[in-house]
Amino acid sequence: MRTNVAIVGAGPAGLMLGRLLDLAGVDNVILERKSADYVLGRIRAGVLEQGSVDLMERAQLAGRLHAEGLVHDGTLLSFDGDSHRIDFKALVGRSVTVYGQTEVTRDLMEARTGTTIYEADEVQLHDFDNSPSVTWRKDGVTHRLDCDYITGCDGYHGVSRASVPATALTTFERVYPFGWLGMLVDKPPVDHELIYAHHERGFALCSQRSPTRSRYYVQVPTSEKLENWSDEQFWDELRRRLPARTAEALQTGPALEKSIAPLRSFVAEPLRFGRLFLAGDAAHIVPPTGAKGLNLALSDVAMLADALIEHYGERSDAGLDAYSVNALDRIWKAERFSWWMTSLMHVFPDAGAFGRRIQRAEFDYLTGSLPAQQSLAENYTGLL
Ligand code: APR
Ligand code: PHB
């Protein structure tokens, strides 16, 4: 089998890259370890920057997004019960759209015209310095795909980054001493916008997927076990951390899904190794506080798609040569913002009294300063 671009991973990064290449007539094959149902069953974040909405339009897939997505012009921040709305629209003239990553993935999967091989086991990358190929096993048989380029869109635990010699890779990492316990519930959201709450017991987030489906999170220690949290315990803890009026308005119900995700900042450099390119979570992780993970994955593959299309169309490698530097520039800015918002909104076990006062001063500075709010709004809605 032969193709132009072998794409490893059918998350939003791999599927969007495949879609953009298909629309431009660049042949590609996607290899995914899991089944399509498994990929669609993963519950992930759901806030799209305008740039991500624009990309869905370019992919000719924005119909359902515009019909069902919820446009948010602001968000509420609360600190020990004191609340302040950040008005994105007034501050920077932009908004975000709440539309689940699962829905983005479904739209991309349904539109896919190129070949996707699901349940591809033991994917291996070969000779990406010269003449790349990918092998995998399916139904007990080993298959091989020769290609011009391999794109590693296979997430943080994928095989692509792991295939690069350690000496060629520099990694930067911060692991936070806590995770998010998340719960999905078929109840209307407590507010029409998101609420990010700092409380002395820990961070909490009120998010949503639709007018009838909500997503809530509470900060928990990394060591916390899911089985220690009944639905009732979750609701009690969430209520404690929210402003009183929000806590009273909260509509609770049985969990549709409940999981704990660790928080991590991670960047691998560079993003190109000969004919192998990394994109999305394969190359970087942000803590979810700034809602940047999905947006960053999509902006990586928009750049990579343009570069590959330029290579096949105009026979120019300028975009491919610049991809790593240009994508990393945006990635590090999103890393900074996600780290900053995480630092402001969470309780750090070792912060001490000084650290907590600094967090409070940061919140007071933010809520009293239009330029500071503008900076938050600019980053949250997406740097241009
Ligand atoms: N072989 C083939 N596929 C693999 C392999 C492998 N060895 N390892 C992982 N995969 C697949 C995973 O099953 C997954 O479907 O790669 C895909 C990677 O998808 P994501 O983890 O969703 O990563 P990405 O597409 O970069 O999207 C990033 O996901 O984690 C969130 O916050 C993050 O929203 C962001 C988005
Ligand atoms: C979510 O809805 O899952 C969500 C929203 C905003 C975030 C993180 C997660 O910052």
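Residues numbered from 1 in each chain as written. Chains lettered and ligands numbered in written order. Predicted model: local features only at pLDDT ≥ 70, side-chain atom pairs only at ≥ 80, totals over all residues. Heavy atoms only, no water.

1. Considerations on the site of ligand 1
Selection rule: Whether a residue is near a molecule or strand depends on its heavy atoms: it is near if one of them lies within 4 Å of it. Polar contacts, as used here, are pairs of N or O atoms within 3.5 Å; protein pairs need one atom able to donate a hydrogen and one able to accept it. Residues neighboring in sequence count only if both atoms are side-chain atoms. Exposure was quantified through the Shrake-Rupley algorithm and a 1.4 Å probe, taking into account, for residues, occlusion by the shown protein chains and nothing else. A run of H or I in DSSP counts as a helix once it spans at least four residues, and a run of E counts as a strand once it spans at least two, with each numbered from the N terminus. The residue classification treats Ala, Val, Leu, Ile, Met, Phe, Trp, Tyr, Cys and Pro as nonpolar and Asp, Glu, Lys and Arg as charged. All others, Gly included, are polar.
Taken together, 25 residues form the shell around ligand 1, and within it Glu32, Arg42, Arg44, Gln101 and Asp281 come nearest. A distance of 2.6 Å is found between an oxygen atom of ligand 1 and a side-chain nitrogen or oxygen belonging to Glu32. One of the backbone nitrogen or oxygen atoms of Arg33 is found 3.2 Å away from a nitrogen atom of ligand 1. If ligand 1 stood free it would expose 710 Å²; the protein chains cover 90% of that surface. Per-element tally for the shell around ligand 1: the top contributor is helix α10 (residues 293–314), with three residues. When its residues are assigned to classes, the shell around ligand 1 shows eleven nonpolar, seven polar and seven charged.

2. Considerations on the layout of surface pockets
For clarity, the cut-off: Of the two site types, the cavity is a set of points on a 1 Å grid over the protein atoms alone where a 1.4 Å probe fits but cannot get out, and the pocket is an open set with protein on both sides within 12 Å along at least five of seven lines, each lined by residues with an atom within 4 Å of a point. Grid points are joined across faces, edges and corners, and a volume is the space filled by probe spheres set on the points.
Volume-wise, the second largest pocket comes out at about 340 Å³. Contributing to the lining of the second largest pocket are 19 residues, with Glu49, Gly51, Ser299, Arg330 and Leu383 lying nearest its centre. Residue assignment for the lining of the second largest pocket shows that the elements contributing at least two residues are α3 (50–58), α10 and α11 (318–345). Across the lining of the second largest pocket, the residue classes break down as six nonpolar, seven polar and six charged.

3. Thoughts on the site of ligand 2
Counted only if it meets this: Where each domain starts and ends follows an automatic or database-derived domain assignment.
Not every one of the 13 residues close to ligand 2 is listed here, only the nearest: Tyr196, Ser207, Arg209, Tyr217 and Pro288. Between ligand 2 and Tyr217 there is a distance of 2.5 Å, counted from an oxygen atom to a side-chain nitrogen or oxygen. With respect to ligand 2, the backbone of Ala291 contributes an N or O atom lying 3.5 Å from an oxygen atom. Sorting the residues of the shell around ligand 2 by element identifies β15 (204–210) and β16 (213–221) as the ones contributing at least two each. The element that contributes the greatest number of residues to the shell around ligand 2 is β15, accounting for three residues. Among the residues forming the shell around ligand 2, the class breakdown is nine nonpolar, two polar and two charged. There are two domains that each give the shell around ligand 2 at least three residues, and those are domain 1 (2–78 + 91–173 + 264–344) and domain 2 (176–262 + 346–381).

4. Some remarks on the side chain of Gln208
Heads up, the condition is: Here a residue-residue contact requires only that any non-hydrogen atoms of the pair lie within 4.5 Å.
Its location among the elements puts Gln208 in strand β15. A distance of 3.4 Å separates a polar atom in the side chain of Gln208 from a polar atom in the side chain of His72. A polar contact is formed between the side chain of Gln208 and the backbone oxygen of Asp191, at a distance of 3.3 Å. When residues no more than four places from it in sequence are discounted, the contact partners of Gln208 are Leu70, His72, Val98, Pro189, Asp191, His192, Glu193, Leu194, Arg213, Ser214 and Arg215.

5. A look at the packing of α11 against helix α12 (residues 352–368)
To keep it simple, the criterion reads: Every angle, taken between N-to-C directions, lies between 0 and 180 degrees, and every axis is a line fitted to C-alpha atoms, over only the stretch in contact when it is a helix. Throughout this description, any angle smaller than 35 degrees is read as roughly parallel, any larger than 145 degrees as roughly antiparallel, any in the 65 to 115 degree range as roughly perpendicular, and the remainder as oblique.
It is the contact of α11 with α12, at a shortest axis distance of 8 Å, that shows an interaxial angle of 115°. Taken together, the axes of α11 and α12 lie roughly perpendicular to each other. Within the contact between the two elements, α11 uses Trp340, Ser343 and Leu344 and α12 uses Gln359, Glu362, Phe363 and Leu366.

6. Looking at the sheet that holds strand β3 (residues 47–48)
Backbone-to-backbone hydrogen bonds pair the strands of a sheet. The strands run either parallel or antiparallel. Put simply, the rule reads: Strands are treated as partners if at least two bridges between them are detected by DSSP.
The strand order β3-β7-β4 describes an open sheet built from three strands, whose pairing is antiparallel. Both edges of this open sheet fall to β3 and β4 (70–72), since each of them pairs with a single strand only. The pairing of β3 with strand β7 (residues 96–98) spans two bridges and is antiparallel. Residue pairing for β7: Val47 is matched across the bridge by Val98.

7. Considering the domain arrangement of the protein chain
Many structure descriptions define interface size as the accessible area lost when the parts assemble. To keep it simple, the criterion reads: The term buried area refers to how much accessible surface (probe radius 1.4 Å) is lost by two components on association, counted for both of them together. Any carboxyl oxygen of Asp or Glu within 4 Å of a side-chain nitrogen of Lys or Arg constitutes a salt bridge here.
Its domain assignment divides the protein chain into domain 1 (2–78 + 91–173 + 264–344) and domain 2 (176–262 + 346–381). When each unit is reduced to the centre of its C-alpha atoms, the spacing between domain 1 and domain 2 is 27 Å. Counting residues at the interface gives 39 residues for domain 1, matched by 34 residues for domain 2. Surface buried jointly by domain 1 and domain 2 totals about 3,400 Å² across both partners, of which 63% is contributed by carbon and sulfur atoms. Ranking the residues of domain 1 by area buried against domain 2 places Ser78, Leu91 and Leu344 at the top, with a combined share of 20%. Connecting domain 1 to domain 2 are zero salt bridges.

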